[in-house]
Amino acid sequence: MSAGGKGGGPRNPSGGNTSAASGSSAPGGQARGAGKKKPGGKPPAAASAREVALDVLVRVEQQGAYSNLLLGSSLQKGALSREDTGLATELVYGTISRMITLDYVLEGFVSKGVAKLQPWVRNLLRLSLYQIMYLDRVPSHAAVNEAVNIAKKRGHQGISGMVNGVLRSVLRAGELPVLPEGLSREDRISIVHSHPLWMVHRWSAEYGTDTAEAICAANNEAPAVSVRVNTTMISREALLAEMLEAGLEVSESKVSPFGLIVKGGGNMALTSWYRDGYLSVQDESSMLVAEVVAPEAGMKVLDCCAAPGGKSAHMGELMKDEGSILANDLHEHKAKLIADQAARLGLECIATLSGDALQLGAALQPESFDRILLDAPCSGLGVIRRKPDLKWRKQPGDVDSVAALQHELLQSVAGLLKPGGVLVYSTCTTEQAENGRIIGDFLERNPGFAPVSFKTAVWERLEGTAIAAGAGIQLLPHHFGSDGFYIARLERLS
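A. Highlighting helix H11 (residues 236-245). For H11, the complete set of buried residues consists of Arg 236, Leu 239, Leu 240 and Met 243. Down the axis of H11, the buried side of the element spans an arc of 105°, and every buried residue falls inside it. Looking at the buried positions of H11, the neighbouring elements they touch are strand E1 (225-229), strand E2 (249-252), strand E3 (259-263), helix H12 (272-275) and strand E4 (279-281). Where H11 ends, the next residue or the one after it, Gly 247, has phi of about 95°, a positive value.

Here it is in structure tokens:
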């Protein structure tokens, strides 16, 4: 098995470790079919926010498309206002995230069962029910009326009547979902917080049922927009002041000394601050990784699985662009993303390599790096709030299969580290099979390495909230409202 890219599918362009300037928070282009005329000379009406969302939901379900990528392209084609762009985005991510709950409720009102409905009808009912149950700012009668209008346009009178009847029955039913007595707590968590039961069982076993419920609840919250300040160009305090002066609602991150949290600012990758290299869009938890690596000016650093380049760039910033970083990724086009990031941020210390990370140990000189970062491919279960599709795409066996690759990767790159050097292992997952157990096994096999995770400034800052998971630091989604992440710092003694 080759290695070089992260697990869990494409990143959500509205957050996380990304270099893309396009994203779901930016409208663009014309609606599909805009400019064409129907018989009679009248152009067709532009698609509404709900119609755009419905199209995306159907294609995600039927074609296996990634919601963030499909939504981004659909919004660029649709002539939606900023407000409608926000509504379409909320409907897509919210409906996908709450799928189990929505289907559980609908089963009580759809006589022939949700599974037997046409895909567009099923998803129309889902997104309409999502508005009724979870969006206070959308009047329920408006959600029902819009659903009926869409059903009339797409189907026949019988379908629109059924949609109207189901949704009006929902409105009369009161608080939903109604759960039967005698249901186990884990079953309740699965239904109420809309997570596959196997995930609830797994997190209950690893962290306890209370924490499992907290993880599931946090995964359904909208992710914050966080940015990392490029301190080679501007201080965090100075950029904060600029953003406040521009009228943005912004505050300092409590997780990372390099982070800012921005509310209502839209897609930050479309701002002049991004274009000029003053900031990068990155989750707060992800910002901690480079800080734990703690590279110093003049050092030689290896980033084994580096795309899209956020952590490489952060390390370059910490080194004040003095020294060298070799940033590797399996795919050439992803290695180009890293180079583009470095150029945007004004970093000249980063060189890129395209190759299988499993082959780096043989291709590079042994004991030649002061710092090594292995941000390993993983199941991605720490970033569900950004990519809700993961809940339905992943299976229990995925964790075990990627763990085998992680073992191999860690062992293969360890020999490239100088004595006295530091190796950091990180993942964006909650699973100890991919985290603490990987590091524990490695330390048993390699007595020349010692864990020093709990001697870092990161641990001093997060201790009491983050979990000491074996030899590393585990952040869970409910701790700070950031991604679930694992970080272990190992020092080579000999």
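B. Spotlight on unusual backbone geometry. Cis peptide bonds are those with omega within 30 degrees of zero, and the linkage from Leu 176 to Pro 177 qualifies with 0°. Take Pro 177: it is sitting in the loop between helix H7 (157-173) and helix H8 (185-192). Each neighbour pair has its own omega, and for Ala 307 with Pro 308 the value is 5°, a cis peptide bond. In this structure, Pro 308 sits in the loop between strand E5 (300-303) and helix H14 (310-318). Non-glycine residue Ala 294 carries a positive phi angle of around 50°. Relative to the assigned elements, Ala 294 resides in the loop between helix H13 (284-293) and E5. Phi at Lys 320 takes a positive value of approximately 55°, unusual for a residue other than glycine. Looking at the element boundaries, Lys 320 is found in the loop between H14 and strand E6 (324-329). Since its relative accessible area comes to 61%, Lys 320 is described here as exposed.

C. Up close: helix H1 (residues 49-63). In a regular helix each residue adds 1.5 Å, so 15 residues correspond to 21 Å; H1 covers 21 Å between its end C-alpha atoms and thus fits that length. Within H1, burial applies to Ala 49, Arg 50, Glu 51, Val 52, Ala 53, Leu 54, Val 56, Leu 57, Val 58 and Val 60. Those residues of H1 that are buried lie in contact with helix H2 (67-77), helix H3 (82-97), helix H5 (119-134) and helix H6 (140-154). Two residues or fewer past H1, Gly 64 is found with a positive phi of approximately 70°.

D. Structural detail: the environment of Gly 323. Looking at the secondary structure, you find Gly 323 in the loop between H14 and E6. As a C-alpha pair, Gly 323 and Gly 94 span 229 residues in sequence and 44 Å in three-dimensional space. Other than its neighbours up to four places away in sequence, Gly 323 contacts Gly 298, Met 299 and Cys 349.

E. Spotlight on the nonpolar core. Trp 203, Ile 350 and Val 424 are the most contacted members of the largest nonpolar core, which has 50 residues in total. Sequence-distant contacts of Ile 350, defined by excluding residues within four places in its chain, comprise Ser 312, Ala 313, Ile 325, Ala 327, Ile 338 and Ala 342. Counting 47 residues, the second largest nonpolar core, distinct from the first, contains Leu 71, Leu 80, Val 121 and Tyr 130.

F. Layout of the pairing of E2. Bridge count for E2 against E3 is 4 bridges, and the pairing is antiparallel. Counterpart to Glu 249 in the pairing with E3 is Lys 263. Hairpin connection between E2 and E3: a loop of 6 residues separates the two successive antiparallel strands.

G. Spatial organisation of the packing of aromatic side chains. All chains considered together, the criterion is met by 4 aromatic pairs. Judged by centre distance (6.5 Å) and plane angle (70°), the ring pair of Tyr 425 and Tyr 486 falls under edge-to-face. In this pair, Tyr 425 sits in strand E9 (residues 417-427) while Tyr 486 sits in strand E13 (residues 485-492), placing the two residues 61 residues apart along the sequence. The exposure class assigned to Tyr 486 is buried, which follows from its relative accessible area of 0%. With 4.9 Å between their ring centres and 65° between their planes, Phe 454 and Trp 459 make a pair best called edge-to-face. We classify Trp 459 as buried; its relative accessible area is 9%. Above the face of the Phe 369 ring, Lys 300 is positioned so that its terminal group lies 4.9 Å from the ring centre. When the ring centre of Tyr 274 is taken as reference, the NZ or CZ atom of Arg 344 above it lies at 3.7 Å.

H. Up close: the confidence of the model for the protein chain. When the pLDDT values of the protein chain are averaged, the result is 91; 91% of them are 70 or greater. Every residue in residues 4-44 scores below 50 in pLDDT, and together they form 117 contacts with partners more than four places removed in sequence or on other chains.

I. Summary view of the packing of helix H18 (residues 396-414) against helix H19 (residues 436-445). Running from N to C, H18 and H19 cross one another at 40°; their axes reach a closest spacing of 10 Å. Overall, the two elements H18 and H19 adopt an arrangement that is oblique. Like other packed secondary-structure pairs, H18 and H19 cross with a definite hand, here right-handed. Facing H18, whose interface residues are Ala 403, Gln 406, His 407, Leu 410, Gln 411 and Ala 414, H19 presents Arg 437, Ile 438, Ile 439, Asp 441, Phe 442 and Arg 445. Each residue belonging to the contact of H18 with H19 can be placed in one class, and the counts come to 6 nonpolar, 3 polar and 3 charged.

J. Structural detail: the environment of Ser 494. Mapped onto the elements of the fold, Ser 494 is located in the segment after E13. Spatially, the C-alpha atoms of Ser 494 and Leu 417 are 9.9 Å apart, while their sequence positions differ by 77 residues. Discounting residues that sit within four places of it in the chain, Ser 494 has contacts with Pro 419 and Gly 448.

K. Layout of the environment of Thr 427. Note that Thr 427 resides in strand E9. Separated by 60 residues in the primary sequence, Thr 427 and Ile 487 place their C-alpha atoms 6.9 Å from one another. Beyond its immediate chain neighbours, meaning those up to four positions away, Thr 427 contacts Asp 375, Ala 376, Cys 378, Gln 406, Glu 434, Asn 435, Gly 484, Phe 485 and Tyr 486.

L. Examining the pairing of E5 more closely. Relative to E6, E5 is paired through 4 bridges, and the arrangement is parallel. Directly across from Asp 303, in E6, lies its bridge partner Ala 327. Bridge count between E5 and strand E8 (residues 369-375): 3 bridges; the pairing is parallel. Within the sheet, the bridge partner assigned to Asp 303 lies in E8 and is Leu 373.

M. How the structure looks around the side chain of Ser 280. Of note, Ser 280 is situated in strand E4. Among the polar contacts made by the side chain of Ser 280, one reaches the side chain of Arg 344 at a distance of 3.0 Å. Excluding its chain neighbours within four sequence positions, the residues that come into contact with Ser 280 are Ser 226, Val 227, Arg 228, Gln 341, Arg 344 and Leu 345.

Rules used throughout
Each chain has its residues counted from 1, following the order in which its sequence is written. Thresholds applied to this predicted model are a pLDDT of at least 70 for local features of residues and 80 or more for the giving and counting of side-chain atom pairs; totals over whole chains, interfaces and linings are not thresholded and use all residues. Side-chain metrics rest on all non-hydrogen atoms present in the structure, leaving aside hydrogens and water. To sort residues, take the accessible area from a 1.4 Å probe on protein chains only and compare it with the maximum for the residue type: under 20% means buried, over 50% means exposed, and anything in between is partly exposed. Note on conventions: DSSP H or I runs of at least 4 residues are helices, E runs of at least 2 residues are strands, and numbering of each starts at the N terminus. Directions pointing from the helix axis toward each C-beta atom define the arc. Here, residues are in contact when the closest pair of their heavy atoms is within 4.5 Å. Take the residue count of a helix, subtract one, and multiply by 1.5 Å to get its expected span. Throughout this description, the term nonpolar core refers to a set of buried Ala, Val, Leu, Ile, Met, Phe, Trp, Tyr and Cys residues connected via side-chain atoms within 4.5 Å. Pairing between two strands is assigned when DSSP locates at least 2 bridges connecting them. A pair of aromatic rings is counted whenever rings of Phe, Tyr or Trp (Trp by its six-membered ring) have centres within 6.5 Å, and the orientation is called stacked for planes under 30 degrees apart, edge-to-face for over 60 and tilted otherwise. Two conditions define a charge sitting above a ring: the NZ of Lys or the CZ of Arg must be within 6 Å of the ring centre, and it must be within 35 degrees of the ring normal. Confidence per residue, as judged by the predictor, is encoded in pLDDT with a range of 0 to 100. Lines are fitted to the C-alpha atoms to define the axes, a helix being fitted only along its stretch in contact, and any angle between axes, read from their N-to-C directions, falls within 0 to 180 degrees. Every angle not falling under 35 degrees, over 145, or within 65 to 115 is termed oblique; those three ranges are roughly parallel, roughly antiparallel and roughly perpendicular. The hand of a helix crossing depends on one turn: near helix anticlockwise from the far one by less than a right angle means left-handed, and clockwise means right-handed. Under this grouping Gly is polar, as are all residues other than the nonpolar Ala, Val, Leu, Ile, Met, Phe, Trp, Tyr, Cys and Pro and the charged Asp, Glu, Lys and Arg. A 3.5 Å cut-off defines polar contacts: any pair of N or O atoms within that distance qualifies, except that in protein one atom must be a possible hydrogen donor and the other a possible acceptor, and neighbouring residues in sequence count only when both atoms are side-chain atoms.

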